[in-house]
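Secondary and tertiary structure notes
Here are the chains, one letter per residue:
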Amino acid sequence: MSAQQTFLRDAMRRLNMTRDSFAERIGVRRRALDTWLLPEDSSEYRTMPSIVEKFVGEILGREAPSAESTQSAHKPLRERMGLDGKPHLISVDQFSRDSLEALFHVADIMQPIARRQKISRVLEGAVLGNLFFEASTRTRVSFGAAFCRLGGSVCDTTGFTFSSMAKGESIYDTSRVMSGYVDALVVRHPEKGSVAEFARATNIPVINGGDGPGEHPSQAILDLYTIGREFSRLGKLVDGAHVAMVGDLRYGRTVHSLIKLLALYRGLKFTLISPPSLEMPAYILDQISQNGHVIAQSHSLADLNGADVVYATRIQKERFADEAIEGYTPDFQINEALINQHCDARTIIMHPLPRDSRPGANDLSTDLNHDPRLAIFRQTDNGIPVRMAIFAILLGVDKQVQHSMRDAAWRSPSHIGPDDALFDGLD
């Protein structure tokens, strides 16, 4: 993403404006704004006039809203995001809307590195410890790739069987020992609250990669970042959106984190659709309802009508004890026919992955694979710049990235996947 794209996208986000309203506010045609927001290598890209840049800067100085005090806004983002004075990311509860959108601004800056166009080595010499005590492929590799793209290196471990914790070592001891080896830790653990225990034993950054049925903050952050990018292309705002969450809302930690982040925005409607035994936990509903949002719970996919975002999750069978999955039938599947019946051409379909593609799994159907509304791969791609931003902020190098970039020497495809939608990467 060019500096011009980053500047304009950040301005629209801070002013809470769609492309149409932003173009009208600065007195230009929508078509002109669209050409300024294209990648520099596009044949239709145009450089924004300097007078427009100056005018937008003046508007931001006068009108950009801030939810935080002036004193707080001047604090480094590392401090505003941190936990109890330490550079940890354990829960989405650590974020205000302001600090969240400041992180999104850093993620925008990371886009050309994530897309293999630029290189930065601001974390050269730093080592990441990926401690995954629960099976993972995508999240573990995503964190590792993000760290490496900033010049760092990664040490991986997966599973309890080969860890010292299988020999009775405490979480405190494991965390303190590993902190002597690495410069940051990403931890996934099957027990809720366990990653916070790792964080209490160290002063190096600890990032929650998922703690059982608890939270998965980086996934929720990249999900909301994706929603913002998709909405920007469609001329929508997150404020006032209708978000439908479907599937296992009881044990699905991604929806627990995402709904709390979305609650930082204004006037949302949440439609929560799940089998009868897998509803969203009451304590989360209580927290969200206090922010004035509309919440509707249902067991029927027919209630997807009018949703701007359909966020599907798989049934977390590995977290069940003896519960039966009541109501989880072949009818409880999001597929092309269902989406065409209840949603329109501007609905965004998301899923944190993995999805179970086996026959009878009743997860998000593969018949949507060629539908441009399906954003699951744009979602995973956005995980790299978002996690790069998290590392850069927590390790205190976020202000150095833009000045450290140089062109990549190798050639990369304009679209990563052969079936990627044509608009991918252009917003």
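Since the model is a prediction, treat every value here as computed from it, not as a measurement. (Residues numbered from 1 in each chain as written. Predicted model: local features only at pLDDT ≥ 70, side-chain atom pairs only at ≥ 80, totals over all residues. Heavy atoms only, no water.)

1. Here's the deal with the overall build of the chain
Just so we agree on the cut-off: Helix numbering and strand numbering both begin at the N terminus, where a helix is a DSSP run of H or I of at least 4 residues and a strand a DSSP run of E of at least 2. For every residue, the accessible area (1.4 Å probe, protein chains only) is compared with the maximum for its type, and the residue is labelled buried under 20%, exposed over 50%, or partly exposed between those bounds. Any two residues having at least one pair of non-hydrogen atoms within 4.5 Å are treated as being in contact.
Along the backbone of the chain there are 16 helices and 11 strands. Considering the chain as a whole, with its 427 residues, one finds that 56% of them fall into the buried category. Put simply, of all contacts in the chain between residues at least 6 apart along the chain, 77% involve residues at least 24 apart.

2. Some thoughts on the packing of aromatic side chains
Using the following cut-off: Between rings of Phe, Tyr and Trp, where Trp is taken as its six-membered ring, a pair exists when centres lie within 6.5 Å; planes separated by under 30 degrees are stacked, by over 60 edge-to-face, and by other angles tilted. Charges are assigned to positions over rings by a cutoff of 6 Å between ring centre and Lys NZ or Arg CZ, combined with an angular limit of 35 degrees from the ring normal.
Counted by the stated rule, this structure contains four aromatic pairs. Measuring from ring centre to ring centre gives 4.9 Å for Phe147 and Phe391, while their planes differ by 85 degrees; the resulting arrangement is edge-to-face. Of the two residues, Phe147 sits in helix H8 (residues 138-149) while Phe391 sits in helix H15 (residues 376-394), which places them 244 residues apart along the sequence. Phe391 shares its class with Phe147; the two are buried. Directly above the ring of Phe143 sits Arg387, whose terminal nitrogen or CZ lies 4.5 Å from the centroid.

3. Describing the side chain of Ser298
Cut-off, in case you're wondering: Polar contacts here mean pairs of N or O atoms no more than 3.5 Å apart (in protein, one a potential hydrogen donor and the other a potential acceptor; neighbouring residues in sequence count only if both atoms are side-chain atoms).
Relative to the elements of secondary structure, Ser298 occurs in strand S8 (residues 294-298). Polar side-chain contacts of Ser298 include one of 2.9 Å to the backbone nitrogen of Ser300. A polar atom in the side chain of Ser298 sits 2.5 Å from the side chain of Asp303. For Ser298, the contacting residues outside a window of four places in its chain are Leu272, Ile273, Ser274 and Asp303.

4. Describing the nonpolar core
Keep this limit in mind: Side-chain atoms within 4.5 Å are what join buried Ala, Val, Leu, Ile, Met, Phe, Trp, Tyr and Cys residues into a set we call a nonpolar core. Boundary definitions for the domains trace back to an automatic or database domain assignment.
Among the nonpolar cores identified, the biggest contains 69 residues, and Leu103, Ile221, Leu224, Met245, Leu262, Met280 and Phe391 are the most heavily contacted of them. Two domains share this core, each providing at least three of its residues, namely domain 2 (80-214) and domain 3 (218-365). For Leu262, the contacting residues outside a window of four places in its chain are Leu224, Ile227, Val238, Val243, Met245, Leu268, Phe270 and His293. Formed by 19 residues, the second largest nonpolar core is a distinct cluster that contains Ile273, Leu301, Leu304 and Ile376.

5. Observations concerning the sheet that holds strand S6 (residues 242-246)
The line we're drawing: Should DSSP find at least two bridges between two strands, the strands are regarded as paired. Fitted lines through C-alpha atoms give the axes, limited to the stretch in contact for helices. The angle between two N-to-C directions lies from 0 to 180 degrees.
Spatially, five strands are ordered S8-S7-S6-S9-S10 in an open sheet, and the strand pairing comes out parallel. Two strands in the sheet have a free side with no partner beyond their single neighbour: S8 and strand S10 (348-350). The mean angle between the axes of side-by-side strands here comes to 15 degrees, regardless of whether they run parallel or antiparallel. Pairing between S6 and strand S9 (residues 309-312): four bridges, direction parallel. From the neighbouring strand, Val243 faces S9, where its bridge partner is Val309.

Remember that the coordinates give geometry; whether it matters functionally is a separate question.
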